Every structure is written in C-alpha cells, then in structure tokens.
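Observations on the three-dimensional arrangement
For reference, the chains in residue letters:
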Amino acid sequence: MSAVAEEYITEDGRKIGAVVMEMKNITLKFGGVVAIQDISFDIRQGEIRAIIGPNGAGKSSMLNVISGFYHPQEGEVWYKGARRPTMRPYQVAAQGIARTFQNIALFEGMSVLDNVMTGRLTHMNTNMFQQGLWYGKARAEEIANRQKVEEVIDFLEIQAIRKTPVGRLPYGLKKRVELARALAAEPSILLLDEPMAGMNVEEKEDMSRFILDVNDEFGTTIALIEHDMGVVMDLSDRVVVMDYGKKIGDGTPDEVRNNQDVIDAYLGVAHD
Amino acid sequence: MRFATQSGGLWEERNLAQPSSADGYASVPSLLKRNAIQFAEKAAYREKEFGIWQTWSWSETETEIENLALGLINMGVNPGDHIAIIGRNRPYLYWSMVAAQMAGAVPVPLYQDAVADEMAYVLGHCGARFVIVSDQEQVDKVIEVQGELHQFEHMIYLDPRGMRKYDHSHLHEYSHVQEQGHAARDELRPEMERRIAELDYDSKCVMLYTSGTTGKPKGVVLSNRNIIEAAKSSAEFDNLRAGDEVLAYLPMAWVGDFIFSIGQAYWTGFCVNCPESAETLTTDLREIGPSYYFAPPRVFEGLLTQVMIRMEDAGRFKRNMFHYFMNHAKKVGPSILDGKPVGAMDRLKYALGNLTIYGPLKDSLGFGRVRVGYTAGEAIGPEIFEFYRSLGINLKQLYGQTEASVFITVQPDGEVRADTVGVPAPGVELRIAENGEVFYRSPGAFVEYYKNPESTADTKDPEGWVATGDAGFIEETSGHLRIIDRAKDVGQMSDGSMFAPKYVENKLKFFPNVLEAVLFGAGRDKCVAFINIDLTAVGNWAERNNIAYASYQELAGHPQVLDTIQSHVEEVNASVAQDEMLSGCQIHRFLVLHKELDADDGEMTRTRKVRRRIVEEKFDDLIDALYTGKAEQYTETEVTYEDGRKGSIKATLTMRDAKIVPVSTKVAAE
C-alpha cells in the first residue's frame, strides 16, 4: 500500500493529515470461521472513515480489532507510526481511542452526568479511596473533569437531561449520551458502531450534524460503521467496503458507488 | 370611529410640558452608569452555563457593554443606525441592545424562531447595516436572505460553534468585537461618551416589530421617555426593587421582555436570569425562584395541566390530601391573599395546607418566592387564575400592547379578578369610543410606526390618543376595564346580532382538552367552530382509557374524543345563551382540526395568536362543508416543517352538530 504522507484540504475546508492508523493484512478467525480475511486499510488524521458492508461482513469485528477487544491471528495494527503490541481494551482507550456500541452499553441506573463522567476515567489519577474521601487532589481533579464533561454536555445539547437516569431516556437520546461519554474521553480517534441504527429521519439528521461538528470542532478522527447508505455517502471522506470478511472496495464515496464489486455485493449478482 | 388626522402641532406642545428626564436619567446607558456605581457588586445578570449559574455584577456588566459599544463604533456603526438582534435570551444579547444605544444606534430585536423570509422583511424594512445573532442557525438564515438586503454589511455572532468554515469577510465573533473595542478604548472612548451624551429623553430607545396579526409587521418606535416612564411608574406601582429576581425567557423581540429585562431591570437594578436552554426552563425556574414573574396564560394552563396529570398518577393518599386541601384553598386562599377577614380555624387549616401541599407545590413549580406575578396577552380561564391565587401566588392581570410600552391597565393588589384587566396604569388616561373601541393616552405611548405615516396617523391622533383596536367597556361598579374582543373581529351576524368570536373561543379554551378554537359566523346566520385538541391532556386521557392512537391526526378524529369535545361545546353554548348580547354566537356545528395551528404555517403569529383571516382562507373547504351540513369532508393541507421544507397532510374530517340552547324570552337588542 502506498502510504501517502502529504496533507490536503477537503472541498469543505477541513484539513486531512497523514496516516494515523494503519491495519496491515488483518486476519481474524473464530475457530473455523474466518471473520476477517487479510484486510488492509488506513485511517488518516482528521478524516471521517466509514466501514460498510452487508450483514455479517465483519464490520463490527474490525472495529473490535481496532479497539483491542479482539486480537487478530495474523496482521499488524500500526498506530501513530509504531506497531501496536497486543493490548487490552482499557490500554487502547488510554491511547486515545474511544468508542460507542451498536447495542447501547450505558449504566441505566446512573444519571446522564455520571455516565458521561465515566468517560473521563482514563484522565483521572487519584485512586478509589482518595475519591471516596473527596478531599484535596481528588476533589480538584473531579472539578476539572466535571468542567470537561459540562462542555461536552453543552456541545451535544443534552443539558435538559443532565440529571435524568439513563434508563428513562428514549433510544435516540441514549445514543447521544453514548457519544457524549466517548467524547468526554477527548479521543484522538472515535469509533462509532452504527450510530444511527434504529433512528428516525430527524434523529439521524441530528446525529449526522453532531458527528460532523465533532470532527470539525475538535479535529477528531472518526471511524464509523453504518448501514444507512445516504448517511455514509454524505458524511465520510473515504469508505472501506467489506463483504464476507474480505475488502471489496476502498476509496471516496463516488469511487465506491461506481465499484462493480460493491454494487454486486449490495444488489446481489447471479452466480453462474 | 377614526378621528380626523391633523398635523402634529398639538402633540408637540404637550411634549414641551413633559419632563426631559426621570431623576436626571434620560437614557438606558445613563441608568447603566448609575447602576454600575450604586449597585456595583450586586448581581445584574445570571446565566446558567456548563451546569453552573454564572453571574455578572453591575460593574462587570458595564465593562462588557462598554467594550462591545466601542467595538461597534470601531466597526463603523453610525448614530441612528438600526442594529438587528436575533437570538434566545442571553445576557450577551441584552448587552448588545444597550451597547447599540451607547454607540448611538437603535436596537431592533427580532423573533429568533422566525423563518428566513419573515426575517428578510423586517431586516429590509429597518435597513439594518449590522446584525448581531446568537449562533450558526441564525447566521444561516441571515445569509440565506442577504441578497435581498441592500443595506446589510456586517454580522456579529455569539457562539463560534460550527462557524470556522464560513467566509469571514462580513462575519465577526462577538468576543473579538469586544476585544477590538477594548484595544481601541483610549481612542474611541470620547466618541462613545459624546454619543451617549447626545441621547435625550425623546431619542429612539428601541424599535420593536409587532407580531402582525394582520398583514406585514410594523416597526413600533419607542423613545427613552416611553421606556423609562413606563418602567418607572410600573416599578413603583408594584414596588419592584433591586434584589428582585426575574427569569428572562420570553422572546426578546416582544415588548414585555424589553420592559422587564431592560426597562425595569435598569430602572430598579434587579437581576435578570437567563435559562440554560429552552428545554431546561422548568429546572432553571425552580433554581432561581423568581420574585417577579410574567407568563402568558398558556404557560399557566400548561403547568396546571401537568400538575393535574401528575396528581392523577399519584397514590390515593396523596391524591386525596391534594384535593382536600385544594378545595379549602379555593374557599379561603384568595381572600387571605387579598388581606380580607378570614376565620381563625380556616386560617389554621390553610397554614397546615401550606405546610403540606401549597408550599411544596409552589416550590416545585418555581413559584415559591413570587411576590408579583402577571399574566396578559389573552384571557385566562377563571379556574386557572383562581388555582394559582388560591395557592397564595399573587397572580394579576394586565392589559397592554407594544404601542403603549406594555402598560395600559393593571390590577392593583387586592383588586384582582379573572374577568377584568384592571384600572388604568399610573399616568394612563382611558377613553372608550362610541363603537366600543378602547383609546388611551400615556407617557409610554409610542412615537410612530417606522416608515409608515399612514398607519401612525390611523392609530394615534394629534392629541396623543392611541387606538388599541380592542373593544371593551369600563365596569361602572369597580372602574375596571373589560375587553370583549379585537374591535375589527367584533362583527354582526346576518340577523344583526353581535358576533364576538374571542368571547366564545376563550370559553372553549378554558377546557384543558381544547388548545385552540376558531369561531366563524360574521355575516352568517349561525356560528361554526374549528377546534384544536391539547395533545398532552387528550393523550393522557387516551392512555388512561386504553385508546390506541398512532398520530395527532388519528387522536383528533377519534369518535370518543369528538364526543368529549361535543360535550364541551354544548356546555359553552349553555353559558353563551346566558349572555343577552352574545347569545347568537352559539356554536351550531364544529369539527376537530387534523393539525395544530402553527406559526410556521402562518396560521398564528409568533406570539401564538390565531390569524383569523388566514385560517379562514386556508380551510375554506372545511368552512363550506360545515355550513352546507355535510357529515364529512376530505381535505389536504400544506404544512411547513421547522427547517422550511414543505409537505402536506391529507385527512377526512367528521363534522358534528351541537345542541343549541334556546335563548330566554328576552330577544337580543338589535
């Protein structure tokens, strides 16, 4: 793969930088099932990178490889110019990679505020006992972190539900709270697993707006999986297409749209 | 009846006899200076942001406003310019209004929820060179129409979010303007002081566009005299003072907000609190606990509906206790509030109720500290009004309009009733014309409609009497004014009897299930009505009775809902029949509309008053069907979504007949 190191500016004026993460010949197997087969692609600084494909194509597995939840049998993950050793998910998170989940994984009984605060865990240095006493350093730390969290709450316009237990929120808002928690970690790469699944048109528009704003405002690199083709084509700078664990396309939305393999995978093709 | 219009000689003579300042303060900037010294460290503004109430003292406020004013002068604002201000209630935008005045310009606040086309008219009409907006949403709207605005030059935005990619040749960030102003302070300060010194009692303070129930909005020019005199006398009337708290949440383009949050706030030095966002309003209200509160009847109705729904869901013990003590409060609460004699046992029971029910309820509504509360704009249902008063909230009514700088009549403490709007406010003279239209003359009466001498002459005569456009009469026993309806809406039916739609509509709207009603019948032999159901109340009822519905439209067309509404209509008919003058206005047929009347579709004004004529044109097929006696009518309606796109709703509406109550032997006077 020819690593293009130069930077460029997109049509809408965003700066896309050098490659920040690179997947090299990743193969992931569960017993005899090959979930991902020899896939390589890269993610560049500041871009919105989409991974699409039919059901069971291996998209979520790929995201789980990036987030350190799965460890591929073959291949390497390169992050910020160095090969990443096998890591636990919390170590990956500490490196500045945050994610949301396809089926929401929030603490239902806790308030929105507390949920978003958990996103700051990687930025806290005091231990449980200090935090329990809430005195001195622990207190100063919590106040500083709370400020960050409030900025995220303001950014995602969820002030009105700040103190509401998450269990009482409608689905669309829960998704937004999950995004808030991921953002609170101030990630350099944000992984979104189907951020718009199950939403109505209006909620999708809101979520798209927020994703674009996050990318624009904080320069966060975003990798997302999404089924809604309209959303993917509108949002992303480059798209990876997967089918049956293989990569069948990679390029700008226009390139992908006109790729015969991709059309076949989505529309089906007569097998002779 | 209109008075002959002559040149303004008389009015000018009257002006000469008027004071040229109030205690030496002839403009809002001069009041700011006074407050910055007198109240220096006291809170002037608060806004909840990032979960915390941020406070600015009067002296900090002065610095902020000065920097902005210097920045505006630096950018080339000239004396007499109009500066449009668009956004939700935030301290920064209130400062913009005063900063504009300090730069010699006139602030023109606009309704922030107006769509781009509506904004284009006002921006074009006032010829604003500078526009100050809150955020990207407003920036986009102005950019969308800027091609039509020949005088538009610069836009200043408050929230930089999402703005980085915009072409910044005409765009400026608020904080940068302030920084530049601050940097140029030494150089520009004398110029600013000169411009402030030039402001006198008769110079323009603000221009507010009327919401335009009919036709295009008109720019009402209000002078410093109008605003300061109105603020001064009303503050004295209700004993408002520094230390009072208000929550600023009503549209900034509305005259009431300008009087409360600028006029009275600067005159008395009380603190203006801005909510975090529109959605957090109830929480913020509760946290602030304002001592002076204003809301249109619709807000009080909404709150009462919520309380009642929540009480229905409460346990039996709590529910019974609530009803027991509320009944007692209804009996003695208003008398205790008015300081009338009440028996010792009743007082004791009321005190107990206050401890267990009224106090906690008031606190959770955010009314725990309200000393003076006002409602105006529409008639308020007597039950709703009594509910709040019986809780011990000093809720009163006032009658006013933009042209009067709000105050025409107000209810003094102890003389509060649901069906009147009070006695003339201090300094206001009232007169009722032959046709029943109310006229007033006051120091708050507006200067003119901007660039519209015909309308000015139509509304205000050379002696300074202003036509309100409302028909009403003064009750002989109490001296209180009672408003019947808009004078032009009061018409005649084909048999010559009086047609006053608002009177009947208000009776309908007092039912929690009815959100809005529109009565037709001028020039016809009988009356018919459109009704909007209240989704909260009817939806809750449907849930309780296991009635499934998928949409507003389906619920609105449900036979059981129609039955309920029919019973309301018939109750109203019975009550209308009691009134000799208006017994002809009983509703013969009605329908429940398939969509809510909405300002985005032009059916209502931004202040949520029905635009009768537009509704009549838009739904003429339905009106015809009502009059021709059809049982059903198919209709298609165009709707506008919040982002300006259009769609259409199709529905088949059921028409119903309502029982008419025979009028008693006396025949209505012709």
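Residues numbered from 1 in each chain as written. Chains lettered and ligands numbered in written order. Predicted model: local features only at pLDDT ≥ 70, side-chain atom pairs only at ≥ 80, totals over all residues.

Concerning the sheet that holds strand β7 (residues 171-173) of chain B
Residues and elements named next belong to chain B. Here five strands make up an open sheet; going across it, the order is β4-β3-β5-β6-β7 and the pairing parallel. Here the strands that pair on one side only, and so sit at the sheet edges, are β4 (106-110) and β7. Adjacent strand axes in the sheet meet at a mean angle of 25 degrees when their direction is disregarded. Across four bridges, strand β5 (residues 130-133) lies against strand β6 (residues 154-157) in parallel orientation. When the bridges of β6 are listed, V131 appears paired with M155. Strands in contact with helix α7 (residues 174-183) are β6 and β7; relative to β7, the strand with the most contacts, it is inclined by about 75 degrees. (Pairing = 2+ DSSP bridges. Helix = DSSP H or I, 4+ residues; strand = E, 2+ residues; numbered from the N terminus. Axes fitted to C-alpha atoms, helices over the stretch in contact; angles between N-to-C directions. Contact = placed C-beta atoms within 7 Å.)

Observations regarding the domain arrangement of chain B
All names here are of chain B. Once the domains are mapped, chain B shows domain 1 (29-240), domain 2 (297-368 + 370-486) and domain 3 (491-657). Distance from the C-alpha centre of domain 2 to the C-alpha centre of domain 3: 26 Å. With ten residues of domain 2 at the contact, the number on the domain 3 side is twelve residues. Among the elements of the structure, α12 (297-313) and β21 (481-486) are those that each provide at least two residues to the side of domain 2 that touches domain 3. In terms of residue class, the side of domain 2 that touches domain 3 is made up of three nonpolar, three polar and four charged. (Domains from an automatic or database assignment. Nonpolar A, V, L, I, M, F, W, Y, C, P; charged D, E, K, R; others polar.)

Points about the sheet that holds strand β3 (residues 19-30) of chain A
Spatial ordering of the open sheet is given by β4-β3-β6-β7 (chain A), a layout of four strands whose pairing is antiparallel. Among the strands making up the open sheet, the edge pair consists of β4 (33-44) and β7 (82-83) of chain A.

Focus: the interface of chain B and chain A
Counting from both sides, the interface comprises ten residues of chain B and, opposite them, twelve residues of chain A. Taken together, the residues that form the side of chain B that touches chain A break down as one nonpolar, four polar and five charged.

Digging into the packing of helix α3 (residues 58-75) of chain B against helix α4 (residues 91-102) of chain B
All names here are of chain B. Across the interface, α3 lies against α4 with an axial gap of 8 Å and an inter-helix angle of 55 degrees. Looking at the two axes, α3 sits oblique to α4. Handedness of the crossing formed by α3 with α4: right-handed. For the pair α3 and α4, contact is made by T61, E64, I65, L68, A69 and L72 and by W95, S96, V98, A99, A100 and M102, respectively. (Parallel < 35°, antiparallel > 145°, perpendicular 65-115°, else oblique. Left-handed = near helix turned anticlockwise from the far one by under 90°.)

A closer look at the pairing of β4 of chain B
Buried residues dominate β4 of chain B, accounting for five of its five residues. Side-chain alternation along β4 of chain B places V106, V108 and L110 of chain B on one buried face and P107 and P109 of chain B on a second face that is also buried. (Buried ≥ 20, exposed ≤ 12 C-beta atoms within 10 Å, placed from the backbone.)

Side note on the packing of α3 of chain B against α7 of chain B
Residues and elements named next belong to chain B. The contact between α3 and α7 brings their axes to 7 Å, and the two run at 85 degrees. Taken together, the axis directions place α3 and α7 in an arrangement best described as roughly perpendicular. Mapping the contact onto sequence places N67, L68, A69, L70, G71, L72, N74 and M75 in α3 and V177, Q178, Q180, G181 and H182 in α7.

With respect to helix α1 (residues 59-66) of chain A
Residue and element names in this part refer to chain A. Among the eight residues that make up α1, six are buried, leaving the element largely enclosed by the rest of the structure. Within the sequence span of α1, burial applies to K59, M62, L63, N64, V65 and I66. Count one or two residues on from α1 and you reach G68, which has phi positive near 85 degrees.

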